[in-house]
Amino acid sequence: MALTREEREQFLAEPHIAALAVTGEEGRAPLTVPIWYQYEPGGDVWILTGLDSRKNQLIGAAGRFTLMVDRVEPTIRYVSVEGPVVETVPATVEKLREISARYLPAEKVEGYVDFSWKNHGEMVVLTMRPERWVSSDLGAV
């Protein structure tokens with residue numbers, strides 16, 4: 001059964017690891033990789049990635065991407081959202097801290113942020129405006 005707008009937005013707002021998909025280069029399948037993301041109901045979605053990453057290059061060329069999140073308990077549920085990139089800006093340590101705090105235990109955040117900021121190279125924040133949604137809850141099949 002499809003989720004209501006409120007249900008799908010609330011589910012996407014939970015800290016799931018997303019599968020990001022973007023059109024690949026000619027002759028290749030779409031790139032699909034796990035990624036952290038940030039979202040608040042009714043807003044835009046943003047991700048952090050390396051400036052020189054294949055992911056960023058493909059998203060730049062396509063101008064859009066898809067995120068899909070799912071779970072299997074207590075029911076089988078998924079939400080997929082696709083849309084255009086509406087902003088690309090250099091990452092800040094504050095954005096890195098925000099997204100890290102969404103996924104890591106509090107005591108691990110500062111160590112991870114310090115390591116990542118020093119070792120992962122230049123990063124960008126890509127903001128996507130949700131345009132198309134697909135969602136379902138299959139219940140306790």
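Residues numbered from 1 in each chain as written. Predicted model: local features only at pLDDT ≥ 70, side-chain atom pairs only at ≥ 80, totals over all residues. Heavy atoms only, no water.

Caption draft 1: Fine view of the side chain of S136. Positionally, S136 belongs in strand β8 (residues 132-139). Overall, the relative accessible area of 9% leaves S136 in the buried class. S136 has contacts with M1, A2, L3, I76, R77 and Y78, leaving out every residue within four places of it along the chain. (Helix = DSSP H or I, 4+ residues; strand = E, 2+ residues; numbered from the N terminus. Buried < 20%, exposed > 50% of the residue type's maximum accessible area, 1.4 Å probe, protein only. Contact = heavy atoms within 4.5 Å.)

Caption draft 2: Geometry of the pattern of salt bridges. Under the definition given, this model contains 12 salt bridges. Its salt-bridge partner being D44, residue R129 comes within 3.0 Å of it at the nearest N-O pair. Of this pair, R129 sits in the loop between β7 (123-128) and β8 while D44 sits in the loop between β3 (38-39) and β4 (45-50); the two residues are 85 residues apart in sequence, bridging distant segments of the chain. Exposure remark for R129: the relative accessible area of 43% places this residue in the partly exposed category. Of the residues examined, D44 reaches a relative accessible area of 26% and is grouped as partly exposed. A salt bridge links R71 to D137; the shortest N-O distance between them is 3.8 Å. Here the residue R71 occupies a position in strand β5 (residues 64-71), and D137 occupies one in strand β8, the gap between them amounting to 66 residues. Across this residue pair, the class does not change: R71 and D137 are buried. Here the salt bridges do not stand alone but share partners, grouping R64, E82, E131 and R132 into one network. (Salt bridge = Lys/Arg side-chain N within 4 Å of Asp/Glu carboxyl O.)

Caption draft 3: Structural view of the nonpolar core. If you look at the biggest cluster of nonpolar residues, it comprises 34 residues, and the most contacted ones within it are L12, L20, Y37, I47, L48, F65 and L67. Of the residues forming this core, the biggest block, 5 residues, is contributed by β7. The residues touching L48, leaving out its near neighbours within four places in the chain, are I35, A91, K95, L96, I99, M123, V124 and V125. (Core = buried A, V, L, I, M, F, W, Y, C linked by side-chain atoms within 4.5 Å.)

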